[in-house]
Amino acid sequence: MGKKKKKQKSRSKQSPGSAITALVKGLQRAEQLMNQADWDQAQETLLHLNQRHPNQFDVLYLLMAVAYERQDMQQYQQWGEQLHRLDPDNPETTFITMPEKIVQVWCMAAEQCIECTLLLLTEAMLNRNYCPGFPKIPYNPENIKGTTPRQEPASSH
């Protein structure tokens, strides 16, 4: 009679309950490291969690917090954008992505303000009525400092 071979259990796959337990324990460990201001170790722990449990809101949120504490604003923005993709209706994740959008709006507004200012100044210098209340001053290069050398009046003897 031949011996029956025992089937070995595969340990490569975790049950859903043990995966959740590992995630929770990892998050607790990361928060403990963050409370101790051990940002490098916290980041390492969270990156490992992120590989094993991708797209977990809590992991990404803590990674973003660690990036902020490390003053790594590029990484902070990237984690924030991932969070926003996971939950686009969440006002907190929308706010995280706002700085880039705000800068774009400010640049457009500044460009428009500069164009308007240049137009107003040009029109005012040409004595056109684009700016009510702006005094009509005849164009005289001597009125503008530094453009023409000033000549001293001839002294009379």
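As a reminder, the structure under discussion sits directly above these lines.
Residues numbered from 1 in each chain as written. Predicted model: local features only at pLDDT ≥ 70, side-chain atom pairs only at ≥ 80, totals over all residues. Heavy atoms only, no water.

> Requested: an account of the overall build of the protein chain, with residues and values cited.
When helices and strands are tallied, the protein chain shows six helices and zero strands. What you see in the protein chain, going N to C, is helices and strands ordered as α-α-α-α-α-α. The buried share among the 157 residues of the protein chain stands at 20%. In the protein chain, 32% of the contacts between residues at least 6 apart in sequence involve partners at least 24 apart. Accessible surface for the protein chain amounts to roughly 13300 Å². Of this, 55% is attributable to carbon and sulfur atoms. (Helix = DSSP H or I, 4+ residues; strand = E, 2+ residues; numbered from the N terminus. Buried < 20%, exposed > 50% of the residue type's maximum accessible area, 1.4 Å probe, protein only. Contact = heavy atoms within 4.5 Å. Areas by Shrake-Rupley, 256 points an atom, 1.4 Å probe, with all protein chains shown as cover.)

> Please give an account of the nonpolar core that cites residues and values.
Core analysis: the largest hydrophobic core is formed by 18 residues, its most contacted members being Leu27, Met34, Leu46, Leu49, Val59, Leu63 and Trp79. Only helix H1 (16–35), helix H2 (39–52), helix H3 (57–69) and helix H4 (73–86) provide two or more residues apiece to this core. When residues in this core are grouped by element, the largest group, seven residues, is from H3. Discounting chain neighbours no more than four positions away, the residues touching leucine 27 are Leu46, Leu49, Asp58, Val59 and Leu62. (Core = buried A, V, L, I, M, F, W, Y, C linked by side-chain atoms within 4.5 Å.)

> Before we move on, could you go through the packing of H2 against H3 and cite the residues and values that matter?
Relative orientation of the contacting elements H2 and H3 amounts to 155 degrees, with a least axis distance of 10 Å. Relative to H3, H2 is oriented roughly antiparallel. As for the relative orientation of H2 and H3, their crossing is left-handed in sense. Along the contact surface, H2 presents Trp39, Ala42, Gln43, Leu46, Leu47, Leu49 and Asn50, while H3 presents Val59, Leu60, Leu62, Leu63, Val66 and Glu69. Of the residues assigned to the contact of H2 with H3, the class counts are 10 nonpolar, two polar and one charged. (Axes fitted to C-alpha atoms, helices over the stretch in contact; angles between N-to-C directions. Parallel < 35°, antiparallel > 145°, perpendicular 65-115°, else oblique. Left-handed = near helix turned anticlockwise from the far one by under 90°. Nonpolar A, V, L, I, M, F, W, Y, C, P; charged D, E, K, R; others polar.)

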